[in-house]
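What follows is each chain in one-letter form.
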Amino acid sequence: MTTTLEPSAPKLEAGLASVAQDVVHRAMKGGATAAECVVREGDEFSTVVRLGQVETLKESGSRAIGVRVFFGQRSASTYSSDFSAAGIERMLKSALELAKICSEDPYAGIPEAAKLGSLSGDLHLYHEDVYSLPGPERIEYARRAEKAAMDADPRIKNSEGGSFDAASGRKVLANSHGFVGEYRRSYCSVSAVPIAQDENGGMQRDYWYSVARSLAKLDSAEQVGKEAARRTLRRLGARKVKTAHVPVVLDPMVSRSMLEHIFEGVNGDSVYRGASFLAGKLGEKIAGANVNVIDDGTMSGGFGTTPFDGEGIPTRRTVVIENGILKSYLLNTYTAKKLGMETTANASRGLAGTPGIGPGNYFLEPGTKSPKQIIAAIKDGLYVTEFLGHGANLVTGDYSRGASGMWIVNGELAYPVEEITVAGNLKEMFCNISEIGSDLEFRGSVASPTIRMDGLTIGGE
Amino acid sequence: MVTGHTGHTANQERFFFEHYGLTNQDLENYLAAALSAGGDYADLYFEYLTSTSLMVDESLVKSASQGISAGCGVRVVSGERTGYAYTDDLSPQRILHAARTAALIASAPAKTTVVGFQQKPARSLYPVTLPSVDADITAKVELLMRGDKTARGYDSRIKEVRANYSDELRNILVVGSDGTFAEDSQPLARMNVSCIAKTETSSGRGTSGGGGRVALDFFFGEKTPEFFAKEAARQAILQLDAREAPAGDMEVVLGPGWPGVLLHEAVGHGLEADFNRKKTSAFAGLIGKRVASEKCTVVDNGTMPWRRGSLNVDDEGQPTQETVLIENGILKGYLSDKLSSKLMGLADTGNGRRESYEHIPMPRMTNTYMLAGQDDPGDIIRSVKNGVYAVNFGGGQVDITNGKFVFSASEAYLIEDGKITAPIKGATLIGNGPDVLTRVSMVGNDLKLDEGVGTCGKDGQAVPVGVGIPTIKIDRMTVGGTAKREPGGFMQ
């Protein structure tokens, strides 16, 4: 590997924004009463190094275009990877035909013109440096992450590898109110997945990673490898425990799943359909007074930051839960209209279909105690480092998932445990968040510090 | 040279030659570029995918979309290394660029490439004359409206209904430097109904769906919207009165069909050859060893007509087959793709699959199920003093290295003194893959495959799969409920 590569997708001559505007224009000429076009273009690089040797190397780029058209209150969408004149014509034609079979929905439509716009200034979402490393050094980054994990302890004898990824993407949105917006985002990550083996032959695997929008902010390969080794080694010799009712502490890697459940619960789509146990609870206490949950699509350099949402509305900061009181749902234009509210600029737009709802930078505000202090206060309890499965029912709040982690004895992490379940009901679980750690760190658009929950059932022997 | 015949309908055969003007000479040139830096093997995967998706919510057709995506992925294998690049532009210049990019994985003199392609005879497991993507869209809307109506009419406590329909037609061409040449045209259709039931004090949800590599007429004949709607509504209503599920180790009986997701998670993934080649699976080195009770025989079978997990050829051009994984409790084999079969000296079982042209193929399951046994399902229930009878599941997950797996029951009942009693709330079941099947003490004579809804995720790639199982009894498994248990019964 001595060659660096040329950009792998040819750039459009006219630029993506004018392609999108042209599609909107042609949809309107074709009889649409409103139209919206999205164009995505991206490049990806990834490599996995396993046991010191390159295992995979992938590099490519792609792009796609999607259009949503309205005939009054009827709408339909189509998409294509074919940017030729014939390909775009075919996409438009089928959108206009498809809309005819859809129902009149009084709430359907693109946002009012006055609401459209884009945050100004540099949001620091794109950094050229993710592609600055020559090919061999990217491989070296992955190799070093794996090596640091393998060198950490003789019990680490195998590995699923170290990896390095870099990607960048450009997104354009245009609609028939004259909105046109565009942004670029970059991303890079390094990870290691070591496998440790104990004297009885039992194997355990865990992982660690660092992710950033800029290569300059990425953790070193050695830091990532060492942490992956630490997380893997502590699982060796894991045992089952007896069924118990004890306090549970969630590591940030798993506590963020609780934030995801809250997100699903306040998602306008679930709310208007009554498919969430949080529907109709606005202004009510749904969590402990220590719980504050924020969604903020505007944070500089954030993983969930965009200058405008999937419908072209400037992103904003929304307080979802304040001192345990549900203050706001998270909405797009459609679900806001259904509920008689204002959109919170959380529309997420894929290539096809109606816009969904996605988080900005969505997080639980940190408390003051360190994870160590939270664990130190527990005599007998469970520290969860991994959940398995998808056992949360947002309609009823019923919750039951597989888990593994460490057993807490007299304030210390005493021994690893596995093949157990954690069960309860989310309605009570959110009210029983008795401690919130100070260790908030964004490793994606959803983040939570360490939390302690009481009143859960641990299922075991 | 292309030889051999497939049973495909005439209009799909030679799809890429007709639509993109590809010639055998082009393919040879692309493969030569892929092997220009050495490399042991190279292949090209051309894909042209058309898809439709419809949703009815609140009895309105709220969403309709259609799309086309096309591209070509180029893979170069050199020893254990894989180089991969793809393009969504099928012009010769872009494919050659992708080929040269993928070629960089190797560093040796150029290889002479293939001199002739050989098309192996393949099955015709899903010979639809009119793929559903080309069928009249109003007929698809009608399916959803019928589902919506039936679910709403089922019970006044059904408050919300959402019905979805999606279909696709995937045309593929795979050519390899070993002479591989395979074309296929793969239809896939699915419909789904989900319901929410409510009373003043309680709520429940239910979902049901099905499909396969079928034409639209499947939903007008074998499995109607009414069938799925009633099933979804029944589950939602049942949940209104569900009791707390028990917690801890107990006897578990799985009903037939979709609960076969147990096999997918507990043993299927752990038997994928890549994990065993790398010795990262809890099943590594266990071939010939007992991993299940002698009543258990588990197979993966990609050759079942019309099934969601079936394929005429896998995504490396290899015909699919029936592979015995566990025979009378003894571990017999792995699921392999080209790379692992070559490196491990095993036969290629035709399990090399990928999500799309953007993805590197790897060993994946097709339809995975346990063969029927001798026991009467009623006898199985009657043999249980205190346990759980689980008949419907959400998804599952496995850690292949330590073997721990979960699957989440969405419809389950208590068994008390040999009788099915109260419905219980959804609960996760957790176990250890290499030994859970050793505790299977009874296997029913009622093997059933699922309705055709499964999607399996591995390494970020989703592919359609099938599962199946007869009624089975597992002597001990951990149930993740919330109810406290007392000796001799469950306290509520």
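Just so it is clear, the model here is predicted, and its values are computed rather than measured.

(A) Here's a closer look at the overall build of chain A. Tallying secondary structure elements over chain A gives 9 helices and 21 strands in all. Over its C-alpha atoms chain A spans a radius of gyration of 24 Å, differing by no more than 12% from the 23 Å that the globule rule assigns to 461 residues. Considering only C-alpha atoms, chain A reaches an extent of 70 × 60 × 40 Å along its principal axes. Considering only contacts in chain A between residues 6 or more positions apart, those separated by 24 or more positions represent 72%.

(B) Main features of the overall build of chain B. If you tally the helices and strands in chain B, you get 10 helices and 25 strands. The C-alpha radius of gyration of chain B comes to 24 Å, within 12% of the 23 Å expected for a compact globule of 492 residues. Summarising its shape, the C-alpha atoms of chain B cover approximately 75 × 55 × 35 Å along the three principal directions. Scored against the burial criterion, the 492 residues of chain B give a buried share of 64%. Within chain B, residue pairs in contact and separated by at least 24 positions form 76% of the contacts whose partners lie at least 6 positions apart.

(C) Spatial organisation of the domain arrangement of chain B. Residues and elements named next belong to chain B. Assigned domains of chain B: these are domain 1 (15-240) and domain 2 (247-490). The interface of domain 1 with domain 2 comprises 36 residues on the first partner and 26 residues on the second. Contributing elements (two or more residues each) for the side of domain 1 that touches domain 2: β1 (41-57), β2 (60-78), β3 (81-87), β4 (158-176), β5 (181-198), β6 (203-212) and α5 (225-240). Of the residues contributing to the side of domain 1 that touches domain 2, the split by class is 14 nonpolar, 12 polar and 10 charged.

(D) The interface of chain B and chain A, seen in detail. Opposite the 67 residues of chain B that make contact, chain A presents 64 residues. When residues of the side of chain B that touches chain A are assigned to their parent elements, the largest contribution, 12 residues, is made by β2 of chain B. Within the side of chain B that touches chain A, the residues separate by chemical class into 22 nonpolar, 31 polar and 14 charged. Examined bridge by bridge, strand β2 (residues 53-71) of chain A and β3 of chain B share 3 bridges and lie parallel to one another. Residue pairing across strands places Lys58 of chain A opposite Tyr84 of chain B, the latter belonging to β3 of chain B.

(E) Broad picture of the sheet that holds strand β10 (residues 317-322) of chain A. Sheet architecture is open: 5 strands sit in the order β11-β10-β9-β14-β19 (chain A), paired in mixed fashion. Each having just a single partner strand, β11 (325-326) and β19 (446-447) of chain A make up the two edges of the open sheet.

(F) Spotlight on the pairing of strand β21 (residues 461-464) of chain B. Inspection of the sheet shows strand β20 (residues 455-458) of chain B paired to β21 of chain B by 4 bridges, in the antiparallel sense. In the strand pairing of β21 of chain B, Lys458 of chain B is matched with Gln461 of chain B.

(G) Region of interest: the sheet that holds strand β21 (residues 457-459) of chain A. Residue and element names in this part refer to chain A. Taken in spatial order, the 7 strands line up as β18-β20-β8-β15-β16-β17-β21 in an open sheet, and their pairing is mixed. Looking at strand neighbours, the two that pair on one side only are β18 (433-436) and β21, the edges of this open sheet. The mean angle between the axes of side-by-side strands here comes to 40°, regardless of whether they run parallel or antiparallel. Where strand β17 (residues 412-425) and β21 come together, 3 bridges link them in antiparallel fashion. Paired with Ala423 across the two strands is Thr457, which belongs to β21. Seen against the sheet, helix α5 (residues 252-266) touches β8 (248-250), β15 (380-388) and β20 (451-453) and runs at an angle of roughly 75° to β15.

(H) Region of the structure containing the packing of helix α3 (residues 135-151) of chain A against helix α4 (residues 221-233) of chain A. All names here are of chain A. The geometry of α3 relative to α4 is characterised by a closest axis approach of 7 Å and an angle of 35° between their N-to-C directions. Of the two possible hands of crossing, α3 and α4 adopt the one that is right-handed. Note on element contacts: α4 touches α3 through Ala221, Glu222, Val224, Gly225, Lys226, Ala228 and Ala229, opposite Tyr141, Arg144, Ala145, Glu146, Lys147, Ala148 and Ala149. Across the contact of α3 with α4, the residue classes tally to 8 nonpolar, 1 polar and 5 charged.

(I) Main features of the confidence of the model for chain B. Residue and element names in this part refer to chain B. When the pLDDT values of chain B are averaged, the result is 93; 95% of them are 70 or greater. Below a pLDDT of 50 lies the segment residues 1-11, which in the model reaches 21 contacts outside its immediate sequence neighbourhood of four places, other chains included. Note that residues 487-492 has pLDDT below 50 and, in this model, 13 contacts with residues that lie over four places away or in other chains. For this predicted complex, the interface confidence comes out at an ipTM of 0.92, alongside a pTM of 0.94.

(J) Structural context of the domain arrangement of chain A. Residue and element names in this part refer to chain A. Here chain A is partitioned into domain 1 (16-231) and domain 2 (238-461). The gap between the C-alpha centroids of domain 1 and domain 2 is 24 Å. Facing 26 residues of domain 1, the contacting portion of domain 2 comprises 22 residues.

(K) Main features of helix α2 (residues 24-34) of chain B. Residues and elements named next belong to chain B. For α2, the set of buried residues is Leu27, Tyr30, Leu31, Ala33 and Ala34. Take α2 and look down its axis: the buried residues cluster within an arc of 160°, on one side only. At its buried positions, α2 is contacted by β1, β2, α3 (92-103) and β4.

(L) Expanded view of the pairing of β4 of chain B. Residue and element names in this part refer to chain B. Of all 19 residues in β4, 16 are buried; the element is thus mostly enclosed. Two strands pair when backbone bridges link them, and β1 and β4 are joined in this way by 15 bridges, in the antiparallel orientation. Among the inter-strand pairings, Leu54 is bridged to a residue of β4, identified as Tyr165. Sheet topology note: the β4/β5 ladder contains 17 bridges and is antiparallel. Its bridge partner being in β5, Ile158 is matched across the sheet by Ala197.

(M) Examining the environment of Asp375 of chain B more closely. All names here are of chain B. Its location among the elements puts Asp375 in the loop between β13 (367-370) and α9 (377-382). Between the C-alpha atoms of Asp375 and Ile472, which are 97 residues apart in sequence, the distance is 8.8 Å. Every residue in contact with Asp375, bar those within four places of it in the chain, is listed here: Ile380, Met442, Val443, Gly444 and Asn445.

(N) Here's a closer look at the confidence of the model for chain A. Mean pLDDT over chain A stands at 94; residues scoring 70 or higher make up 97%. Taken together, the stretch residues 1-13 of chain A has pLDDT below 50 and engages in 27 contacts with residues farther than four places along the chain or on a different chain.

(O) Geometry of unusual backbone geometry. Notably, Asn410 of chain A is not glycine yet its phi reads approximately 50°, a positive angle. Asn410 of chain A sits in the exposed class, given 9 other C-beta atoms within 10 Å. Positive phi outside glycine occurs at Glu58 of chain B, with the angle close to 55°. Examined against the element boundaries, Glu58 of chain B turns out to sit in the loop between β1 and β2. Take Glu58 of chain B: there are 15 C-beta atoms within 10 Å of it, and that puts it in the partly exposed class.

(P) Representation of the packing of α2 of chain B against α3 of chain B within the structure. Residue and element names in this part refer to chain B. Two numbers describe how α2 lies on α3: the axes approach to 7 Å, and their chain directions differ by 30°. Accordingly, the angle class assigned to the pair α2 and α3 is roughly parallel. Classified by chirality, the crossing of α3 by α2 is right-handed. Along the contact surface, α2 presents Asp26, Tyr30, Ala33 and Ala34, while α3 presents Pro92, Ile95, Leu96, Ala99, Arg100, Ala102 and Ala103. The residue makeup of the contact of α2 with α3, split by class, is 9 nonpolar, no polar and 2 charged.

(Q) Representation of the environment of Met429 of chain A in the model. Residues and elements named next belong to chain A. Relative to the assigned elements, Met429 resides in helix α9 (residues 426-431). Considering only alpha carbons, one finds Met429 and Phe263, 166 residues apart in sequence, at a separation of 15 Å. Ignoring any residue separated from it by four or fewer positions in sequence, one finds Met429 in contact with Tyr399, Gly424 and Met453.

(R) Region of the structure containing helix α6 (residues 261-268) of chain B. With 8 of 8 residues buried, α6 of chain B is to be regarded as a mostly interior element. Looking only at α6 of chain B, the buried set comprises Val261, Leu262, Leu263, His264, Glu265, Ala266, Val267 and Gly268 of chain B.

(S) Spatial organisation of the environment of Lys230 of chain B. Residue and element names in this part refer to chain B. Inspection of the secondary structure assignment puts Lys230 in helix α5. The class of Lys230 is buried, set by 20 C-beta atoms lying within 10 Å. Note: C-alpha distance between Lys230 and Ser208 (22 residues apart in sequence) is 8.6 Å.

Calculation rules
Residues numbered from 1 in each chain as written. Chains lettered and ligands numbered in written order. Predicted model: local features only at pLDDT ≥ 70, side-chain atom pairs only at ≥ 80, totals over all residues. Helix = DSSP H or I, 4+ residues; strand = E, 2+ residues; numbered from the N terminus. Rg over C-alpha atoms; globule rule 2.2 N^0.38 Å. Contact = placed C-beta atoms within 7 Å. Buried ≥ 20, exposed ≤ 12 C-beta atoms within 10 Å, placed from the backbone. Domains from an automatic or database assignment. Nonpolar A, V, L, I, M, F, W, Y, C, P; charged D, E, K, R; others polar. Pairing = 2+ DSSP bridges. Axes fitted to C-alpha atoms, helices over the stretch in contact; angles between N-to-C directions. Left-handed = near helix turned anticlockwise from the far one by under 90°. pLDDT = per-residue confidence, 0-100. Arc of directions from axis to C-beta. Parallel < 35°, antiparallel > 145°, perpendicular 65-115°, else oblique.

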